[in-house]
Amino acid sequence: MILRLFQVTTRPGKEAEFSRFFHEVAIPLMNTTDGIVSVLPGAARADRPREFAFVMVWRDLDARNAFGGEDDTTPHIDPAEDALVESRSIRHYDLAEI
């Protein structure tokens, strides 16, 4: 399985608008995406109101690639999100057995 860590910093003043997008569009989309085993959305905290994150566990690399393409360094971006976001980071890991 593949663990994907996706982090976003919003543009200044876009926190509330991005929060609505995050809760109304992004979370439902990820919860219904084929190949995702688990989604852990991270909403902004009072001390970092511009930072949001997702931890996703994908069934396998093929499922992740079907969603975001083979370039795993570039996040899949909804056009509605683009104007709200200042920066993004994405990392992938093999899920460790526990």
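Look a little higher up for the structure.
How each quantity is defined
- Residues numbered from 1 in each chain as written.
- Predicted model: local features only at pLDDT ≥ 70, side-chain atom pairs only at ≥ 80, totals over all residues.
- Heavy atoms only, no water.
- Pairing = 2+ DSSP bridges.
- Helix = DSSP H or I, 4+ residues; strand = E, 2+ residues; numbered from the N terminus.
- 1 Å grid on protein atoms, 1.4 Å probe; cavity = no way out; pocket = protein on both sides within 12 Å on 5 of 7 lines; lining within 4 Å.
- Points joined across faces, edges and corners; volume = space filled by probe spheres on them.
- Nonpolar A, V, L, I, M, F, W, Y, C, P; charged D, E, K, R; others polar.
- Phe/Tyr/Trp six-rings, centres within 6.5 Å; stacked < 30°, edge-to-face > 60°.
- Buried < 20%, exposed > 50% of the residue type's maximum accessible area, 1.4 Å probe, protein only.
- Contact = heavy atoms within 4.5 Å.

Draft legend 1. The pairing of strand β3 (residues 51-58), seen in detail. Two strands pair when backbone bridges link them, and strand β1 (residues 2-10) and β3 are joined in this way by eight bridges, in the antiparallel orientation. By the bridge assignment for β3, Phe-6 is matched with Phe-54. For strand β2 (residues 36-42) and β3, the ladder comprises six bridges, and the chain directions are antiparallel. Bridge assignment links Ile-36 to a residue of β3, and that residue is Trp-58.

Draft legend 2. The layout of surface pockets, seen in detail. In this structure, the largest pocket occupies an estimated 170 Å³ of space. Taken together, 14 residues line the largest pocket, and the ones lying closest to its centre are Gln-7, Val-8, Glu-51, Phe-52 and Ala-53. Those elements giving two or more residues to the lining of the largest pocket turn out to be β1, β3 and β4 (85-94). Grouping the constituent residues of the lining of the largest pocket by class yields five nonpolar, five polar and four charged.

Draft legend 3. Broad picture of the packing of aromatic side chains. Tallied over the entire structure, the rule returns six aromatic pairs. Judged by centre distance (5.0 Å) and plane angle (45°), the rings of Phe-22 and Phe-54 are tilted. Of this pair, Phe-22 sits in helix α1 (residues 15-31) while Phe-54 sits in strand β3, and the two are 32 residues apart along the sequence. Like Phe-22, the residue Phe-54 is buried in the burial classification. Taken together, the ring pairs connect Phe-18, Phe-21, Phe-22, Phe-52 and Phe-54 into an aromatic cluster.

Draft legend 4. Up close: the environment of Glu-70. With respect to the helices, strands and loops of the structure, Glu-70 is situated in the loop between α2 (61-68) and α3 (79-82). Excluding anything up to four places from it in sequence, Glu-70 contacts Arg-64 and Asn-65.

Draft legend 5. Focus on empty space enclosed by the protein. Counting across every chain of the model gives one cavity of 30 Å³ or more. Roughly 210 Å³ of internal volume is contained in the largest cavity. Breaking the lining of the largest cavity down by element, the ones donating at least two residues are β1, α1 and β3. Looking at which element gives the most residues to the lining of the largest cavity, the answer is α1, with six residues.

By themselves these figures say nothing about function.
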